[in-house]
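Commentary on secondary and tertiary structure
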Amino acid sequence: MTDSGRVMELVNLWESGLSMLKESMNQDDEVPHIFVVLGASGDLAKKKIYPTLWWLYKDGLLPKKTTFVGYARSVMSIDELRKRATPYMKLKDGQEEKVNEFFKANRYVKGSYTDDAAFENLNGVLETIEKGQKANRLFYLALPPSVFKDVTTHIKGTCMAKNGWTRVIVEKPFGRDLESSSELSTHLAGLFSEEQLYRIDHYLGKEMVQNLMVLRFGNRIFSPIWNRDNIASIIISFKEPFGTQGRGGYFDEFGIIRDVMQNHLLQILCLTAMEKPSSTNAEDIRDEKVKVLKCMQPLRMEDVVLGQYVGDPEGEGDAREGYLDDPTVPKGSVTPTYALARFMVKNERWDGVPFILRCGKALNERKAEVRVQFRDVPGDIFGNVQRNELVIRVQPNEAVYVKLMTKKPGMQFGTEETELDLTYGSRYKDLPLPDAYERLILDVFCGSQIHFVRNDELAEAWRIFTPLLHEIEEKKPKPISYKYGSRGPAEADELTSKSNFVFTGTYKWSNPNKL
């Protein structure tokens, strides 16, 4: 097939997928839908929410009668809102008319997050849009946690749909520990049913995270060996090659464990470790994830390595500055910017297999991946056989590849490491992958909670992490220093080695899309 033929095939595949998705969506185009962005003047709204709503709008995936209402304390016009969001909307030539149409469907309301009259005014605007018809309302809380309770109380008391459904999207963090999370959950449960709440973790919307279930349960070659008899260890990584970049004040309040590990990485662990659900129904999947968490003990300090980056005197630009050099970071802060933790899932499938979660800032590369390392080949007759690995690369350059041993080409009977490679940028070239927020916000319109965090799931996650977080806050252990642009503390490599993960350094995946 020619390159142009392949492109057309992929375009047709994309358009066919959109068509099937529209047909399967539980939406009524004749019923007005109002999407309310609370915190419309903030960074999350301009960088993620409005661009996502635009992408869904231009692809025709939203109900035809959808109106977008921004709400915040700032004075702002629709033109100002447009100027703020446009740089993040990835606009293409010829879309001007469609963009104008999108912003004509937008409204903006200024108001307080704590004032009854302000929410009564918001409700009046929503009712004017609905014109007495049956209508559905969606509220996205792109807000700091400090106002969650006030805003949700006002939504319940003043802004619920009168003749239609209401759904509320809550952005993380969902509390700081088990106590605060339970307090927030109790508050929300007193206002809304679980079916009305959508706790969003955008990692659950990523293509390769969702692919985990298909790889595990849709392939005979993996299902029978996905257990302690064949797998030595599993590492789930999240690495960023930059520091706090002037946002240290916000980061210091939460730290790397709350920011990444307790939510994003733990969710991936659950999908990697869970038993096969009875169906792809949201509750069946979330039931199995909760079962995994219940098999995990609270994290202990001896199973953790904490680090904090320092500047590299020989580096360039930002690399010269350490975490404590950021003027927004409190002086002498011991907040970790790197964490590696070892977990055990004590059930029949995984008994004895370490699950290692690691995440950090100012490291040597940008990468998020799941690396499943299989046990050694018994009776190695070749003398230098390395372990097989299955790698699911979440970002960047989405890929699935299996590291395996083959014979070196030539006269000799030597072996070498190579891979069976599915790189999305090569196999699905020119086929756009949906953004994680795009997929998740569409799920809310459709009423699908498969990729959202349930209340009991959240409670179990905090049960596992809260004792460690409290110990760190009370004892304030000094994190191990690591240089900006490095792989992290050497002590982290020592813990992974003790956890039955073998790093040889003899193999490195190369992106086939690079010329």
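Here is what the cut-offs are and how they apply
Residues numbered from 1 in each chain as written. Predicted model: local features only at pLDDT ≥ 70, side-chain atom pairs only at ≥ 80, totals over all residues. Heavy atoms only, no water. Phe/Tyr/Trp six-rings, centres within 6.5 Å; stacked < 30°, edge-to-face > 60°. Helix = DSSP H or I, 4+ residues; strand = E, 2+ residues; numbered from the N terminus. Buried < 20%, exposed > 50% of the residue type's maximum accessible area, 1.4 Å probe, protein only. Axes fitted to C-alpha atoms, helices over the stretch in contact; angles between N-to-C directions. Parallel < 35°, antiparallel > 145°, perpendicular 65-115°, else oblique. Left-handed = near helix turned anticlockwise from the far one by under 90°. Contact = heavy atoms within 4.5 Å. Nonpolar A, V, L, I, M, F, W, Y, C, P; charged D, E, K, R; others polar. pLDDT = per-residue confidence, 0-100. Expected span 1.5 Å × (residues − 1). Arc of directions from axis to C-beta. Pairing = 2+ DSSP bridges. Right-handed = clockwise from strand over helix to strand, strands pointing away. Salt bridge = Lys/Arg side-chain N within 4 Å of Asp/Glu carboxyl O.

1. Topic: the packing of aromatic side chains
In this structure the tally under the stated criterion is 19 aromatic pairs. With a centroid separation of 6.0 Å and an interplanar angle of 55°, the aromatic rings of Y71 and Y113 are classed as tilted. Taken together, the positions of Y71 in strand 2 (residues 66-72) and Y113 in the loop between strand 3 (106-110) and helix 5 (116-130) put the pair 42 residues apart, joining distant regions of the chain. Classification of Y71 by relative accessible area gives buried; the value is 0%. Since its relative accessible area comes to 5%, Y113 is described here as buried. Among the aromatic residues, ring-to-ring pairing joins F251, Y309, Y323, Y338, Y482 and Y484 into one connected group.

2. Observations regarding the packing of helix 5 against helix 6 (residues 148-159)
For any two helices packed against each other, the geometry comes down to the angle between their axes and how far apart the axes lie. Running from N to C, helix 5 and helix 6 cross one another at 50°; their axes reach a closest spacing of 10 Å. Taken as axis vectors, helix 5 and helix 6 run oblique relative to one another. By crossing handedness, the relation of helix 5 to helix 6 is classed as right-handed. Contacts from D116, F119, E120, L122 and N123 of helix 5 reach helix 6 at V151, H154, T158 and C159. Grouping the constituent residues of the contact of helix 5 with helix 6 by class yields four nonpolar, three polar and two charged.

3. Overview of the confidence of the model for the protein
Across the protein, pLDDT averages 87, with 90% of residues at or above 70. Per-residue pLDDT stays below 50 along residues 6-11; that stretch engages in nine contacts with residues further than four places along the chain or on separate chains. Predicted confidence is poor over residues 13-18, with pLDDT under 50, and the contacts of this stretch with residues over four places away or in other chains come to seven contacts.

4. Quick notes on unusual backbone geometry
Cis geometry marks the peptide bond from Q395 to P396, where omega comes out at -20°. With respect to the secondary-structure elements, P396 resides in the loop between strand 12 (389-395) and strand 13 (399-407). Of note in the backbone geometry, K90 takes a positive phi value of approximately 55° without being a glycine. Positive phi, normally seen in glycine, also occurs at A362, with a value near 55°. Considering the arrangement of structural elements, one finds A362 in the loop between strand 10 (354-360) and strand 11 (367-374). A362 gets classed as buried once you look at its relative accessible area, which sits at 0%.

5. Details of helix 5
Here helix 5 spans 21 Å end to end across 15 residues, near enough to the 21 Å set by a 1.5 Å rise per residue. Listed as buried for helix 5 are A118, F119, L122, N123, L126, I129 and E130. Looking down the long axis of helix 5, one finds its buried residues gathered within 140° of arc, a one-sided arrangement. Buried-residue contacts for helix 5 involve strand 1 (33-38), strand 2, strand 3, strand 4 (136-141) and helix 6. Directly beyond the C-terminal end of helix 5, a positive phi value near 55° is found at K131.

6. Examining the pairing of strand 2
Most of strand 2 is tucked away, with seven of its seven residues classed as buried. Burial along strand 2 is two-sided: the face carrying T66, F68, G70 and A72 and the face carrying T67, V69 and Y71 are both buried. Relative to strand 2, strand 1 is paired through six bridges, and the arrangement is parallel. Looking at strand 2, one finds that L38 is bridged to Y71. Running through helix 2 (residues 43-58), the crossover from strand 1 to the neighbouring parallel element strand 2 is right-handed. Bridge analysis of strand 2 against strand 3 gives five bridges, and the strand direction is parallel. By the bridge assignment, A72 is partnered in strand 3 with K110.

7. Quick notes on the pattern of salt bridges
Enumeration according to the criterion identifies 34 salt bridges in this entry. A salt bridge links K162 to E127, with the nearest nitrogen and oxygen atoms 3.7 Å apart. Placement of K162 in the loop between helix 6 and strand 5 (166-171) and of E127 in helix 5 is noted, with a sequence separation of 35 residues between them. Here D303 makes a salt bridge to R342, at a shortest N to O gap of 2.7 Å. Separated by 39 residues along the polypeptide, D303 in the loop between helix 10 (282-294) and strand 8 (304-310) and R342 in strand 9 (residues 338-344) bring together distant segments of the chain. In this structure D303 comes out as buried when scored by relative accessible area, which is 8%.

8. A short note on the sheet that holds strand 3
One open sheet holds the six strands; their spatial order is 3-2-1-4-5-6, and the pairing between them is parallel. With one partner strand each, in any of the chains shown, strand 3 and strand 6 (197-200) form the two edges of the open sheet. On average, each strand axis in the sheet is tilted by 20° relative to the strand beside it, whichever way the strands run. Helix 2 rests against strand 1, strand 2, strand 3, strand 4 and strand 5 of the sheet, and its axis sits at about 165° to strand 1.

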